[in-house]
Amino acid sequence: MAEPHTIPRIEDQAEDTLALTPDLVRDVLEAGDAETVRARLAPLHAADVADLLERITPDQRAIILDAIRGVLNPDILAELDETVRGKVVEQMAPQELARVVAGLDDDDAAEVVADLDEKTRRDILARLPQPDRAAVEQALGYDEHTVGRLMQRATVVVPAYWTVGETIDYLRADASLPDAFFDIFVVDPRHRPVGSLPLSRILRNRRPVGLAEIMDGEPVVLPVGMDQEEAAFLFRQQDLISAPVVDEAGCLAGVLTIDDVVDVMDEEHEDDILKLGGVSEDDLYHAAATTTAKRFPWLLINLGTAILAAVVIAQFAATIESLVALAVLMPIVASMGGNAGTQTLTVAVRALTTKELSTTNAMRIVVKEMLVGGFSGMLFAVIAAVLTFAWFENWLLGAVIAVAMIVNLLVAGLSGVAIPLVLDRMRIDPAIASSVVLTTVTDVVGFFAFLGLATVVLL
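A brief structural summary. (Residues numbered from 1 in each chain as written. Predicted model: local features only at pLDDT ≥ 70, side-chain atom pairs only at ≥ 80, totals over all residues. Heavy atoms only, no water.)

**Some remarks on the environment of Asp-117**
In this fold, Asp-117 is placed in the loop between helix H9 (106-114) and helix H10 (118-127). Overall, Asp-117 belongs to the partly exposed group, its relative accessible area being 45%. Measuring from C-alpha to C-alpha, the distance between Asp-117 and Leu-303 comes to 36 Å, with 186 residues separating the pair along the chain. A distance of 2.9 Å separates a polar side-chain atom of Asp-117 from the backbone nitrogen of Thr-120. (Helix = DSSP H or I, 4+ residues; strand = E, 2+ residues; numbered from the N terminus. Buried < 20%, exposed > 50% of the residue type's maximum accessible area, 1.4 Å probe, protein only. Polar contact = N/O pair within 3.5 Å; in protein donor to acceptor, adjacent residues only side chain to side chain.)

Shown next, in the form of structure tokens:
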């Protein structure tokens, strides 16, 4: 009798998808020879091997690179963190690096070559086959973070007068076509895109049908100079899988595909998070001295803003000396304002990035966030007043902290939206500077409102 089929648990399936387990890392590092290392790395995806190289020490990395020298999968280099990739490239001979670069997609090859020093870059480009060299040089001619740098040059292009049958025959016969593609672009005699066709539509129509009858006219076209973040916005808004890229003359220059756009979205999201924390870039793999140097400027700015808040406090030194309870309670007002403002700020910066917040709806959002700040302020004012009375048995002190709480949370709601809007209008990245400005505003207003009211009411 056959045993009943057992359905794997979801937890087991999830564990199976995690190829780079601690046990596997240990097995690779404990392998005694190059052949064993290669055998254990062979089943892994390039991204998993890249993760492995990032997690281990430089000495361990050198051992593994020696073991896979000559058979390094080019995609591994593209998946590596920029800092680690630089260290890996330093350990590669020029001929091997050229072989790896030649095996990469156009955009990945351009990214790797762009990070090389000038001398090494010229050496590697000279060793590339002519078509690959031309593609990389063309990509490097566009500004970083633009569609031109990100696009694939290899596209599937057909004329509008072809039929479905002719297109299918062409796809089967031409060995130079890309290994993977999603859409076919229809061009006019001047090589300008006039339509597009998903592969599914080609397969679902009969051979005699003309492409002009079934294509999507007026496709979304991306200029080579468009910022990659704007392109990602279009992909998200219009649910695109790929889009044609045109040069200054409007001629088809390449194609931008969803896999590269996903990387852009991830990169921009990570960049905004790091900037909100006052970190200019991911420095996880940098040396301690380098990380310290990169973080120092923002910490210095924070010191300046803290001194400004301290100056405000110093103006009320006599008040604090007369009532020590003020020194105990004043951080509460500033902290609540800072946290409330950060919540609003995070939403506002994200909305600016996704273009959900603009001048057309800015006033409505500002009013809404001020209302949220006011409502929150009143709720926490009651809580703070009750706790203050229970602690210090002073109703006037409770009233002072309640009013200061309302004022600071109102200002926090206003500042959380207004600051990124103003910075964006000044063409300053809101993700970089907003948090520092917001913290200064909520600290100064919080301390001034609380200590000022205490001076007037209690003394």
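**Here we look at the pattern of salt bridges**
Counted by the stated rule, this structure contains twelve salt bridges. Ionic pairing is found between Arg-127 and Asp-123, a salt bridge with its closest N-O pair at 3.0 Å. Here Arg-127 pairs with Asp-123, and both are found in helix H10, just four residues apart, close to one helical turn. Take Arg-127: its relative accessible area is 42%, and that puts it in the partly exposed class. On the basis of relative accessibility, which here comes to 28%, the residue Asp-123 falls in the partly exposed class. Note that Arg-207 is salt-bridged to Asp-169, the shortest N-O span being 2.8 Å. Pair noted here: Arg-207 is in the loop between helix H14 (199-203) and helix H15 (211-214) and Asp-169 is in helix H13 (residues 164-173), with a separation of 38 residues, a long-range link. Take Arg-207: its relative accessible area is 42%, and that puts it in the partly exposed class. A relative accessible area of 36% means that Asp-169 is categorised as partly exposed. In this structure, a network of salt bridges that share partners links the residues Asp-66, Arg-69 and Glu-96. (Salt bridge = Lys/Arg side-chain N within 4 Å of Asp/Glu carboxyl O.)

**Points about a negative patch on the surface**
Where like charges cluster on the molecular surface, the negative patch consists of Asp-75, Glu-79, Glu-82, Asp-105, Glu-144, Asp-179, Asp-259, Asp-263, Asp-266, Glu-267 and Glu-270. At the level of elements, helix H6 (74-79) and helix H17 (258-276) are the ones that each hand at least two residues to the negative patch. With five residues, H17 is the largest single contributor of residues to the negative patch. In this structure Asp-259 comes out as partly exposed when scored by relative accessible area, which is 43%. (Patch = residues over 30% accessible without salt bridge, like charges linked within 9 Å, V, L, I, M, F, W, Y side chains within 5 Å. Areas by Shrake-Rupley, 256 points an atom, 1.4 Å probe, with all protein chains shown as cover. Lys, Arg positive; Asp, Glu negative; His and termini not counted. Charge placed at Lys NZ, Arg CZ, Asp CG, Glu CD.)

**Points about the pairing of strand S7 (residues 252-257)**
The buried fraction of S7 is high, at six of six residues. Pairing between strand S6 (residues 242-246) and S7: five bridges, direction antiparallel. Looking across to S7, one finds that Val-245 is bridged to Gly-254. Between the end of S6 and the start of S7, which pair antiparallel, lie five residues, with Gly-250 showing a positive phi angle near 85°. (Pairing = 2+ DSSP bridges.)

**A short note on the sheet that holds strand S3 (residues 193-198)**
The sheet built from four strands is open, its strands ordered S1-S2-S3-S4 with mixed pairing. Edge positions in the sheet fall to strand S1 (157-159) and strand S4 (216-217), since each has one partner strand and no second. Bridge count for S1 against strand S2 (residues 183-187) is three bridges, and the pairing is parallel. The partner of Val-158 across the bridge, within S2, is Val-186.

**A closer look at a nonpolar patch on the surface**
Together, Phe-296, Leu-300, Leu-303, Ile-307 and Val-311 make up a nonpolar patch on the protein surface, roughly 470 Å² of accessible area in all. Residue Ile-307 is classed as partly exposed on the basis of its relative accessible area of 47%.

**A word on the packing of helix H21 (residues 362-392) against helix H22 (residues 395-425)**
Put simply, H21 and H22 touch, their axes get as near as 7 Å, and they point 155° apart. Classified by the angle their axes make, H21 and H22 are roughly antiparallel. Crossing angle aside, the handedness with which H21 passes H22 is right-handed. In terms of residue class, the contact of H21 with H22 is built from 22 nonpolar, seven polar and one charged. (Axes fitted to C-alpha atoms, helices over the stretch in contact; angles between N-to-C directions. Parallel < 35°, antiparallel > 145°, perpendicular 65-115°, else oblique. Left-handed = near helix turned anticlockwise from the far one by under 90°. Nonpolar A, V, L, I, M, F, W, Y, C, P; charged D, E, K, R; others polar.)

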